[in-house]
Amino acid sequence: MSGQDHLSLCLCHLIRLLCSLLLQCFFICFLLTGVLFLFIMGIRAWLQRRRRKARRDRDGRPAVAFFHPYCNAGGGGERVLWCAIRALQGRYPDVDFVIYTGDQGVTGEQIVDGARRRFNIRLPRPVRFIFLKHRLLVEASIYPHFTLLGQSVGSLILGWEALVAFTPDLYIDSMGYAFTLPVFRYLGGCRVASYVHYPTISTDMLSVVRDRNPRFNNADYISNNPFLSAIKVVYYCAFALLYGLVGSCSDMIMVNSTWTLGHILALWRAPNRTSIVYPPCDVQAFLDVPLEEEEDKDGAQKCHSIVSVAQFRPEKDHRLQVRAFRKLLDRQPGRREMVKLVLIGGCRNQEDEERVLMLRGLCQELGVADRVEFKLNISFEELKKELVDATIGLHTMWNEHFGIGVVECMAAGTVILAHRSGGPMLDIVVSYDGGITGFLADDDEGYADAMERIFAMTHAARLEIRRRARQSVSRFSDREFEASFLAAMEPLMGTLERENL
């Protein structure tokens, strides 16, 4: 046998060996896929049997469950939750409602009472709470690296805990944990819906990393290193693909603003199932206060207050507020005793409380501690008083998805000064009736300039802006939210009602 024939024979043996290995791998994969499929179908059948039994125990009443692990936090997302439940309870008296929460050390009655005190919301009837034990798995603090992926995997586990504890007929993710959607849809056999406050990842986040800009979610050591930045871009792109896949599982998608709509359409690609439902803002409670009386009182005051309403989270950028306030005082030292900054917000956990301590330290460092007040977890009545008495309403979050605090400030009669991005720029602080409704800025110099300009305005000029702003916010009322939310949910809720006949 010649050398060439021997080589050909070896190649034939090698090809046969490779084909055999490929066939074996294919068979093993096929077998494992079959086993996995049977396992999933077994779990699904078990959960559906439990759901049917639980429904019989409720006299056939269907159940709608909201996934909101921080329902006792007191932020804008929580106000959406309580208004949504109130609207559904009023329209569908024969449906039970459940909330999955990770809040420990409180009772359901205390949570509902907290919603009443903070948001002035009273539910028509009780709701059931499922208290989850593993909320720590979705805390960003336990994932120093690959935080988005870690929290998403954690939400899968937390979602499984919720599903096993109670399997509803309709599942609504009202806090942005999209990775729970396939768990409830494919394992629990539930219909699923989403109310998206803020996309977990967005093209803006990719741009920040690609352009190597330092932000609260892009550390300096990454933005300063081209290799690490390239790795993070690849990671973000891969995560965006996964996020789009799980989000597309939703039968009904509601988003809270034009900015969020654009990103969700780009990522989830479900335009026929997606609609804007502006979040509810309790504007009527503020509109009851006459602007003229407030302005007359303001004219007699010795101190003008600049009020910020935002949870103490890093993305709210309270540091920018303090720096801009310092610049304002530097420009107008003679008015130091006539102006103060009031930071109002909720603290969800120890991490938020530590952030407040750091902000207090920054105030000391910049020499403005005597002119800055912190008001944490205050009641709705106290919030209302602070806003009504304020001259300027301050907002500094970059790409805020919507901005309930911005709307509340405008309804209360403050002159709003918000960030030139996201929902405030696209949906809220926009021209109305041929004039401006507030001011926008994007850095400490810009904010200081705007505050200086507002204080320099005449009484009549400020009053005109405030009146126009008040008139514009009626589209964000509780009533408008309830109408839009119920219209969006009608197809899914109608199906539940028909099944209950």
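Residues numbered from 1 in each chain as written. Predicted model: local features only at pLDDT ≥ 70, side-chain atom pairs only at ≥ 80, totals over all residues. Heavy atoms only, no water.

**With respect to helix α12 (residues 318-331)**
Taking 1.5 Å per residue as the helical rise, α12 with its 14 residues ought to reach 20 Å, and the 20 Å between its terminal C-alpha atoms agrees with that figure. Residues of α12 that are buried: His318, Leu320, Gln321, Val322, Ala324, Phe325, Leu328 and Leu329. If you follow the buried residues of α12, they end up packed against β8 (304-309), β9 (339-345), α13 (350-366), β10 (372-376), β11 (392-394) and α17 (444-456). (Helix = DSSP H or I, 4+ residues; strand = E, 2+ residues; numbered from the N terminus. Expected span 1.5 Å × (residues − 1). Buried < 20%, exposed > 50% of the residue type's maximum accessible area, 1.4 Å probe, protein only. Contact = heavy atoms within 4.5 Å.)

**As for the sheet that holds strand β7 (residues 274-276)**
Read across the open sheet, the seven strands follow the order β3-β2-β1-β4-β5-β6-β7; overall the sheet is parallel. Each having just a single partner strand, β3 (128-131) and β7 make up the two edges of the open sheet. Across the sheet, the mean angle from the axis of one strand to that of its neighbour is 20 degrees, orientation sign disregarded. In terms of strand pairing, strand β1 (residues 63-67) meets strand β4 (residues 170-173) through four bridges, oriented parallel. Considered in β4, the bridge of alanine 65 is made with tyrosine 171. (Pairing = 2+ DSSP bridges. Axes fitted to C-alpha atoms, helices over the stretch in contact; angles between N-to-C directions.)

**With respect to the confidence of the model for the chain**
Confidence along the chain averages 87 in pLDDT terms, with 88% of residues attaining 70 or more. Confidence over residues 293-300 falls short of pLDDT 50; this stretch has 14 contacts with residues more than four positions distant or in other chains. (pLDDT = per-residue confidence, 0-100.)

**Description of the sheet that holds β8**
An order of β10-β9-β8-β11-β12-β13 is seen for the six strands of this open sheet, with the pairing classed as parallel. If you trace the sheet from one side to the other, it starts and ends with β10 and β13 (439-441), each paired once. Pairs of neighbouring strands in the sheet enclose a mean axial angle of 25 degrees, with direction left out of account. Bridging between strand β12 (residues 415-419) and β13 involves three bridges; their strand directions are parallel. Its bridge partner lying in β13, alanine 418 is registered against leucine 440. The sheet strands contacting α12 are β8, β9, β10 and β11, and the helix crosses β9 at an angle near 175 degrees. Strand contacts of α17: β8, β9, β11, β12 and β13, with the helix running at about 170 degrees to β12, the strand carrying the most contacts.

**Describing the pattern of salt bridges**
Counted according to the given criterion, the structure contains 27 salt bridges. Aspartate 444 is paired through a salt bridge with arginine 323; the nearest N and O atoms lie 3.8 Å apart. With a gap of 121 residues between them, aspartate 444 in helix α17 and arginine 323 in helix α12 connect regions that are remote in the sequence. The partly exposed category is assigned to arginine 323, whose relative accessible area is 33%. Between glutamate 445 and arginine 331 there is a salt bridge, and its shortest N-O distance comes to 2.6 Å. On the criterion of sequence distance, the pair formed by glutamate 445 in helix α17 and arginine 331 in helix α12 is long-range, its members being 114 residues apart. Counted as one network, the salt bridges with shared partners bring together Lys327, Arg331, Glu445, Asp449 and Glu452. (Salt bridge = Lys/Arg side-chain N within 4 Å of Asp/Glu carboxyl O.)

**Description of the environment of glutamine 284**
Secondary-structure assignment places glutamine 284 in helix α10 (residues 283-287). Distance in space between the C-alpha atoms of glutamine 284 and valine 473 is 9.9 Å, their sequence separation being 189 residues.

**Regarding the packing of helix α4 (residues 147-165) against helix α8 (residues 226-247)**
The N-to-C vectors of α4 and α8 enclose an angle of 30 degrees; their axes lie 10 Å apart at closest approach. As judged from the angle between their axes, α4 and α8 are roughly parallel. For the pair α4 and α8, contact is made by Thr147, Leu148, Leu149 and Ser152 and by Tyr235, Tyr236 and Phe239, respectively. Taken together, the residues of the contact of α4 with α8 break down into five nonpolar, two polar and no charged. (Parallel < 35°, antiparallel > 145°, perpendicular 65-115°, else oblique. Nonpolar A, V, L, I, M, F, W, Y, C, P; charged D, E, K, R; others polar.)

**A look at the environment of tyrosine 70**
Among the secondary structure elements, tyrosine 70 is positioned in the loop between β1 and α2 (76-91). Those residues in contact with tyrosine 70, other than ones at most four positions away along the chain, are Glu78, Asp103, Arg135, Val138, Glu139, Met175 and Tyr177. Within the local environment of tyrosine 70, its side chain forms a polar contact with the side chain of glutamate 139, the two groups lying 2.8 Å apart. (Polar contact = N/O pair within 3.5 Å; in protein donor to acceptor, adjacent residues only side chain to side chain.)

**Brief notes about the UniProt feature "transmembrane region" (unreviewed entry) in the chain**
Those places that UniProt annotates as "transmembrane region" (unreviewed entry) correspond, in this numbering, to residues 21-47 and 233-255. Secondary structure content for residues 233-255 is 65% helix and 17% strand, and the end C-alpha separation is 26 Å. (UniProt positions renumbered as here; feature names shortened; annotations may be inferred.)

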